[in-house]
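Take a look at the letters that make up each chain.
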Amino acid sequence: MSELSTLPGDPSVSALQSRPFLVATVVSKRFGAVQALNEVSLAVGPGEIVGLAGENGSGKSTLAKILTGLIRPDSGELSVNGQAVTFANPGDALEMGIAGVTQEVCVVPYLSVAENVLLTRHRRFTSVYTLAQLERDAKPLLDRVGLTCNPRAQFASLRPGEHVLVEIGKSLARDPRLLLMDEVTTRIGGRDAERVFEILLQLRSAGVSIVYITHRLEEILRLCDRTVVLRDGRLVGEMSRAQASAESISRMMVGRDASPYQRPRVAETHENRLELRNVRVPEIVGSVSFNVRPGEAVGLCGLVGSGRTEILETIAGIRKAQGGEILVSGLPVKSGSLTAAKRMGISFVPEDRHKQGLLLESSTRMNFSLGRWRALRLVSRVQETAMARLYSHKFNMRLNEFERKVSTLSGGNQQKVMIGRALSSEPKILLLDEPTRGVDVGARAEVFEVIKELLESGMAIVLASSDMVELRALSHSIIVLYDRHVVGALTAEEASEERLSFMMSGGT
Amino acid sequence: MAEETIHVETAPGKQKNYAMNSLKGAMSTYRGVGAVLILLLIVFGVTQSAFMTVSNFQNIVSSNAILLVIAVGMTFPMLSGGFDLSVAGTDALAGILLSKLLLGGMPIPEAIAITIVGAFVLGALTNGLLIGYFGVNFFIVTLGTLTITQGVALQITGGNDITMYNEKWLLQLANNNVFGFPVLGLVGLSVLVLGILVLRYTGFGRMVYSVGGNPEAARLSGISVARVRLTTYAISAGLAALAGILEVGRLASSGPTTDSSIELTGAAAVLIGGVAFGGGVGTLLGTFLGVAFLGVLQSGLLISGISSYWQGIITGIVLIASVTVDRMRARRASSRKIKLAGEDPVPAIVEVAVPSTGEGS
């Protein structure tokens with residue numbers, strides 16, 4: 001690809017001064033139809049902070065899980081201190097001196113701080129210890145992360161920032177030689193983040209290797225001695241501290257040059273289908289205002305936790321706005337009522353298919369008709385099947401066999417079932433939250449087609465996503481969110497992927 | 001909407017397939033409990049001449065009709081992802097209430113109506129309200145209401161049974177046959193059929209399944225999860241009261257220990273019948289087969305002269321085995337699914353439809 005030659009990164013620069021502690025060689029991992037990691041090699045030297053950057057789905061977390069023994073690679077090798085290793089579970093990785101603070105919850109909320117910090121140490125059934133001993137053992141670890149709270153305090157009673165510090169303390173309990181940090185600062189505020197950075201720099205000077213995964217470019221620039229960029233499961237480049245800049249990293253993460261794309265033109269009308277007037281969304285700083293015309297798609301661009309889902313849920317009536325007005329075709333909608341929003345023609349497709357969307361153990365037909373039932377009315381299977389067939393046909397979803405359990409469908413088809421269901425109430429406004437998350441490329445293209453057709457037929461769409469290709473391909477204007485703030489509104493023409501990536505990662 | 005009808009009409013072959021598929025689905029769903037039931041029938045039928053007789057089957061039907069009513073009631077909260085332990089207490093208390101009302105001179109229809117409606121309302125206001133609206137754990141709430149209702153029953157009666165020999169109408173109703181079929185069995189089967197109709201053909205039935213299958217998805221689809229849950233506990237209490245009434249007719253008495261621990265037998269029947277403990281999966285037909293299995297087993301053991309203590313042992317083994325086999329089958333199916341997904345060919349339209357892949361540079 002041509003853009004590689006324009007990269008400032010030169011792999012030879014990153015040659016390690018000393019023998020690497022951990023080496024991963026041509027590691028690959030496949031989940032179903034998705035090649036999550038494709039022949040990635042990585043070496044981390046002692047006392048080095050290596051940044052791991054990439055968009056959602058680029059393979060960062062998969063690599064992190066392989067390095068900490070949570071999953072096993074399909075192929076490729078790991079070696080620690082020059083010795084080949086295989087990790088059957090996280091315990092094996094801990095034995096080799098590799099610990100991680102991941103996005104998964106690895107603490108027991110109802111145990112005390114001291115017990116949590118020492119969770120990986122007392123691992124034998126027959127370990128016996130007293131409370132005093134426990135506190136004595138926990139003290140140096142708590143000191144190292146600068147936690148001054150009572151070691152007997154219940155973990156759950158602490159602030160989120162302190163939670164992260166406890167987790168770091170826990171990961172230090174086994175004296176790791178390599179520490180892996182996966183998006184730790186997204187959960188905490190600025191002052192606690194500063195504390196985390198200090199700890200990491202101290203660890204580095206003590207010779208500990210650190211792999212630091214983040215979406216936030218400014219953190220990479222500040223902390224990392226070297227940055228490795230992943231894209232679509234491949235390693236696409238590395239750069240030294242001197243070479244790295246927010247622009248160069250985000251260009252490498254995105255890896256494409258912008259090309260104009262024909263999105264359906266919005267009808268010449270001044271009528272607003274959906275209008276948000278200074279809506280105060282719970283948990284979002286400031287107020288949100290935008291308009292959506294028939295046939296227009298507005299994108300909400302932001303990472304997980306940036307507030308995009310909260311905005312959608314407020315429009316859908318799942319959350320109650322704390323002020324402002326939501327209007328549909330000029331008429332105000334009662335806030336905080338799902339049924340009121342539905343009656344006004346607002347339909348919502350939630351982000352998490354498995355947790356929020358589908359009855360996994362039920363048939364496709366049942367899932368299509370979920371939410372259209374009245375308690376005291378009769379239902380008809382024939383009619384339900386006909387409805388399901390109608391909507392799947394109308395949007396070219398190529399589904400049949402409506403009696404099949406929905407859990408046996410592919411991710412793409414499950415997504416289509418959710419969109420089909422949302423459409424079956426004949427909405428005027430469709431809210432989509434990450435409509436192509438976890439679906440393969442083919443299904444993704446089909447979902448794109450469905451959305452484009454909807455726009456052509458005059459649907460008003462609000463699309464929340466962290467996927468810039470999707471946002472740019474489908475939306476006419478894009479609102480960018482970062483850390484629960486609206487940080488900008490761009491027209492499709494202004495919204496280059498570099499610019500979006502830069503803004504949604506907190507660049508200004 | 002014209003389009004809709006066109007689609008139905010253009011697919012008559014599909015219609016036939018659909019019937020075939022649902023038959024196949026039923027066969028595979030019930031093959032576990034069905035096979036065990038048939039096995040029992042064959043073994044007892046061949047070895048015991050007294051087993052395959054009309055009078056024995058009349059006996060099986062009438063002595064299990066009450067369990068069937070209880071189990072049908074319990075199926076509702078279980079399908080919605082809950083559980084009702086309190087049915088034994090409601091059952092006993094309903095019998096006592098009915099006896100007191102009748103002894104007080106109230107006509108039978110009114111007394112029955114008051115008992116059932118009272119239990120329905122009480123189930124809604126205790127179990128239903130606490131579990132559905134306050135989100136208290138179902139196990140704790142219904143364990144509490146079980147001990148409370150049993151305690152109240154003991155308190156009212158002083159621990160003694162109330163004999164009811166004078167209510168000829170009720171006794172005859174409960175112990176007679178219509179065209180050779182026990183009246184109790186007819187009541188039980190009517191409840192079953194009504195339950196099947198409600199679960200399969202009403203919106204409420206669909207809501208019960210969706211609340212059990214994925215409460216979050218149900219909530220986001222505008223279903224009032226709390227109201228659905230409340231109603232399931234009201235139904236199970238109402239049917240427990242009906243069971244208590246039938247028991248008064250059958251035994252000609254009521255008492256605080258009548259039908260005690262029937263909640264566990266009922267749960268065993270429901271679970272053997274294939275209702276998932278977590279909710280969302282299962283049918284009343286399965287519950288019926290579960291009850292039939294327990295009834296046939298009990299009768300067969302009795303006729304064979306085998307100690308009735310074996311009943312509990314066999315029931316336990318079948319319960320655990322059927323759920324374990326289900327679990328393993330599901331695991332195998334899911335691993336097969338992952339393999340299939342891996343082999344999915346990527347459709348050719350990818351190239352056309354994914355925009356802006358960078359030829360522009």
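Being a predicted model, the structure only gives us computed values, none of them experimental.

Caption draft 1: Quick peek at the overall build of chain B. Each helix and strand counted, chain B has 16 helices and four strands in total. Pairs at least 24 residues apart make up 78% of the contacts formed inside chain B by residues separated by at least 6 positions.

Caption draft 2: How the structure looks around unusual backbone geometry. Residues and elements named next belong to chain A. The phi torsion at S329 lies on the positive side, around 50°, for a residue other than glycine. Structurally, the position occupied by S329 is in the loop between β14 (325-328) and β15 (331-332). S329 gets classed as partly exposed once you count the C-beta atoms within 10 Å, which come to 15. Notably, D483 is not glycine yet its phi reads approximately 50°, a positive angle. By the secondary structure assignment, D483 is in the loop between β19 (477-482) and β20 (485-491). On the basis of neighbour count, D483 is assigned to the partly exposed category, with 17 C-beta atoms found within 10 Å.

Caption draft 3: Structural view of the sheet that holds strand β9 (residues 226-231) of chain A. Residue and element names in this part refer to chain A. One open sheet holds the six strands; their spatial order is β6-β7-β8-β3-β9-β10, and the pairing between them is mixed. Of all strands in the sheet, those with a lone pairing partner are β6 (98-101) and β10 (234-240), marking the two edges. Across the sheet, the axes of successive neighbouring strands diverge by a mean angle of 20°, strand direction being ignored. Both β6 and strand β7 (residues 178-182) contribute to a ladder of four bridges, which runs parallel.

Caption draft 4: Focus on helix α9 (residues 246-254) of chain A. All names here are of chain A. Taking burial as the measure, the nine residues of α9 include seven buried ones, the bulk of the element. Looking only at α9, the buried set comprises S248, I249, S250, R251, M252, M253 and V254. Elements in contact with the buried residues of α9: β3 (49-53), α8 (217-223), β9, β10, α17 (468-474) and α18 (497-504).

Caption draft 5: Broad picture of helix α10 (residues 203-213) of chain B. Counting buried positions along α10(B) gives ten out of eleven residues, so the element sits mostly inside the fold. Buried-residue contacts for α10(B) involve α13 (364-369) of chain A together with α4 (54-79), α9 (183-201), α11 (215-220) and α12 (225-251) of chain B.

Caption draft 6: Molecular detail of the domain arrangement of chain A. Residue and element names in this part refer to chain A. Each domain of chain A was delimited in the assignment, giving domain 1 (25-107 + 176-254) and domain 2 (274-357 + 423-504). Each of domain 1 and domain 2 has a C-alpha centre, and the two are 31 Å apart. No other element matches the six residues that α9 contributes to the side of domain 1 that touches domain 2. A class-by-class count of the residues in the side of domain 1 that touches domain 2 yields five nonpolar, four polar and two charged.

Caption draft 7: Focus on the pairing of strand β18 (residues 460-465) of chain A. Residues and elements named next belong to chain A. Summarising burial for β18: six of the six residues are buried, a large majority. Burial of the side chains of β18 extends over both faces: A460, V462 and A464 are buried on one face and I461, L463 and S465 on the other. Taken together, the five bridges between strand β17 (residues 429-433) and β18 define a ladder with parallel strand orientation. Along β18, the bridge assignment pairs L430 with I461.

Caption draft 8: The environment of F138(B), seen in detail. Residues and elements named next belong to chain B. Topologically, F138 is positioned in helix α7 (residues 138-157). Residues F138 and N127, spaced eleven residues apart in sequence, show a C-alpha to C-alpha distance of 7.6 Å. Residues in contact with F138, not counting those within four places in the same chain, are G82, F83 and I131.

Caption draft 9: Expanded view of the pairing of strand β4 (residues 75-80) of chain A. Residues and elements named next belong to chain A. Alignment of strand β1 (residues 22-31) against β4, held across five bridges, turns out to be antiparallel. Residue pairing for β4: L22 is matched across the bridge by V80. Remark: two residues form the turn of the hairpin made by β4 and strand β5 (residues 83-85), two consecutive strands paired antiparallel; N81 in that turn has positive phi of roughly 55°.

Caption draft 10: Representation of the sheet that holds strand β13 (residues 297-301) of chain A in the model. Residue and element names in this part refer to chain A. A sheet is described by the order of its strands in space; here six strands give the open sequence β16-β17-β18-β13-β19-β20, paired in mixed fashion. Strands at the two margins of the open sheet, each flanked by one partner only, are β16 (346-349) and β20. Averaged over all pairs of adjacent strands, the angle between strand axes in this sheet comes to 15°, irrespective of strand direction. Here β19 runs beside β20; their pairing, made up of six bridges, is antiparallel. Paired with L481 across the strands is V486, a residue of β20. Where α18 meets the sheet, its contacts fall on β13, β19 and β20, and the angle it forms with β19 comes to roughly 30°.

Caption draft 11: View of the confidence of the model for chain B. Residues and elements named next belong to chain B. Confidence along chain B averages 85 in pLDDT terms, with 84% of residues attaining 70 or more. Low pLDDT (under 50) marks residues 1-14, which in the prediction has ten contacts with non-local residues, meaning those over four places away or in another chain. The model gives residues 337-361 a pLDDT under 50, and that stretch makes 44 contacts with residues more than four places away or in other chains. The ipTM for the predicted assembly is 0.73, set against a pTM of 0.77.

Caption draft 12: Highlighting the nonpolar core. Membership of the largest hydrophobic core comes to 237 residues, with the highest contact counts inside it found for L431(A), I461(A), V69(B) and I70(B). A domain split of this core shows at least three residues from each of domain 1 (25-107 + 176-254) and domain 2 (274-357 + 423-504) of chain A. In this view, I70(B) contacts V87(B), D91(B), L239(B), A240(B), A243(B), I262(B) and G266(B); residues no more than four positions away in its chain are not counted.

About the thresholds
- What you see as residue numbers is a count from 1 along each chain, following the sequence as written.
- Chain A is the first chain written and ligand 1 is the first ligand written, with later ones labelled in order.
- Owing to the predicted nature of the model, reporting of local features is limited to residues with pLDDT of at least 70; listing and counting of side-chain atom pairs is limited to 80 or more, with chain, interface and lining totals taken over all residues.
- Only runs of H or I of at least four residues qualify as helices and only runs of E of at least two qualify as strands under DSSP, and these elements are numbered from the N terminus.
- Residues are defined as contacting one another if the C-beta atoms placed from their backbone atoms lie within 7 Å.
- Any residue with 12 or fewer other C-beta atoms within 10 Å of its own C-beta is exposed, any with 20 or more is buried, and the rest are partly exposed; the C-beta atoms used are placed from the backbone.
- Between any two strands, at least two bridges found by DSSP are needed for them to pair.
- As a rule, the C-alpha atoms of each element are fitted with a line to give its axis, helices using only the stretch in contact, and angles between N-to-C directions run from 0 to 180 degrees.
- A domain assignment, automatic or from a database, supplies the domain bounds used here.
- Residue polarity is assigned by list, with Asp, Glu, Lys and Arg as charged and Ala, Val, Leu, Ile, Met, Phe, Trp, Tyr, Cys and Pro as nonpolar; anything else, Gly included, falls into the polar class.
- The predictor attaches a confidence to each residue, and that confidence, scored 0 to 100, is pLDDT.
- When buried Ala, Val, Leu, Ile, Met, Phe, Trp, Tyr and Cys residues are joined through C-beta atoms within 7 Å, the set is termed a nonpolar core.

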